[in-house]
Amino acid sequence: MPKTEHWQWYVERFAPTEEHHHAVEETYYAGRSAFQDIAVIRTPTFGKMLVLDGDTQSSQHDEKIYHESLVHPALAAVDDRREVLILGGGEGATLREVLRRSDVARCTMVDIDGDVVELSKKYLPEWAAGAFEDPRARVIVGDALAYLRDDRETYGVVISDLTEPLEDSPSNPLFCDAVFTDIKARLAPGGVYVLQASTAGFHNMFVHAKMVRTLRHYYKYVRSFYTHVPAFDNDWAFIACSDGVDVAELASDRIDAYVAGLRGENYFYDAQTHRRLFSLPLYLRRELAKAGETF
Ligand code: SAM
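Note that the structure is predicted; figures quoted are calculated from it, not measured. (Residues numbered from 1 in each chain as written. Predicted model: local features only at pLDDT ≥ 70, side-chain atom pairs only at ≥ 80, totals over all residues. Heavy atoms only, no water.)

A. Helix 1 (residues 63-77), seen in detail. For helix 1, which comprises 15 residues, the first-to-last C-alpha distance of 22 Å matches the rise-based estimate of 21 Å (1.5 Å per residue) to within 8%. The axis of helix 1 is deflected most strongly, by about 30°, at serine 69, and proline proline 73 appears within four residues downstream. Summarising burial for helix 1: 14 of the 15 residues are buried, a large majority. (Helix = DSSP H or I, 4+ residues; strand = E, 2+ residues; numbered from the N terminus. Expected span 1.5 Å × (residues − 1). Bend = angle between axes of the 7 residues up to and from the residue. Buried < 20%, exposed > 50% of the residue type's maximum accessible area, 1.4 Å probe, protein only.)

This is the structure in structure tokens:
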């Protein structure tokens, strides 16, 4: 970066004393919807980025690390993928990954913020890569909380791709006992509920650990997994829950066969990456083993 150049900066403050500064090449949009502040920018290192309420949601150059991790371990684990439900997922990249399997008959996506969906279609078409136009996509603009309460269908996989449950976020009410009960009622027998589940960094793994401890009250298998996501400047965690299948223990030949059935090539996920995702460091395993406070 030439020293004489004057940049505008997007500063993500992820703790009172920690910031990541991104030079901004272009601001495509900055405004407020009925639910949150929305910005769509472009930076030299990460390409285009979606930012909601000051939190990076995904970046063009590494979103596949996040979205392949969120979707494929869960989809690989189930036998029946005909019906899949996504909570949130406004950019359309989670939808894109799900629809790469031809045995998915329908994918329902429920996002509260139509502005995020429309801005993503306009400025971030690489994320959905045509998935919004796929006839198998059913996109509902609405609150996932209400959808889960009223819905009577069942799904082989439920994917939660919601914003972090910070106090002022519209996703906050979705992390509570009543909703975990509703989600469980929507899962087909042997199905998997997978969620993006905050950070796994040594300095801020506590929200994640609380989610894991809470979900253990609902499912036989609750498996934490994570990977470094450069745009988040952190280790990002996910949780796979099921009564029928231990997602951490999928056999490599099952994963190979699943990946071979995906349209196009993966960027990040395969059987070797699966082992790495579910192989947790000692400090995190210790934190997860603690009893006590739940989410
Ligand atoms: N990768 C993500 C992150 O870093 O947090 C999540 C991505 S996705 C953009 C999150 C989506 O959750 C947003 O589009 C937001 O509108 C949606 N969302 C938040 N609360 C919601 C709710 N109550 N019902 C449905 N969607 C919700």
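Moving on from the model shown.
B. Examining the site of the ligand more closely. Around the ligand sit 27 residues, and of these Gln57, Asp111, Asp143, Ala144 and Gln196 come closest. Take isoleucine 112: an N or O atom from its main chain is 3.1 Å from a nitrogen atom of the ligand. Residue threonine 163 places a main-chain N or O atom 3.5 Å away from an oxygen atom belonging to the ligand. Among the cavities detected, the one that contains the ligand is the largest pocket. Elements represented by at least two residues in the shell around the ligand include exactly strand 5 (47-52), strand 6 (55-59) and strand 8 (106-111). Of the residues in the shell around the ligand, the class split is eleven nonpolar, ten polar and six charged. (Near = heavy atom within 4 Å. Polar contact = N/O pair within 3.5 Å; in protein donor to acceptor, adjacent residues only side chain to side chain. 1 Å grid on protein atoms, 1.4 Å probe; cavity = no way out; pocket = protein on both sides within 12 Å on 5 of 7 lines; lining within 4 Å. Sits in = over half its atoms within 2 Å of the grid points. Nonpolar A, V, L, I, M, F, W, Y, C, P; charged D, E, K, R; others polar.)

C. Region of interest: the pattern of salt bridges. By the definition in use, this model includes 22 salt bridges. The residue glutamate 287 makes a salt bridge to lysine 290 at a minimum N-O spacing of 2.9 Å. When its relative accessible area of 8% is taken as the criterion, glutamate 287 is described as buried. You can call lysine 290 partly exposed: its relative accessible area is 46%. One network of salt bridges, in which partners are shared, links Glu63, Arg96, Glu97 and Arg100. (Salt bridge = Lys/Arg side-chain N within 4 Å of Asp/Glu carboxyl O.)

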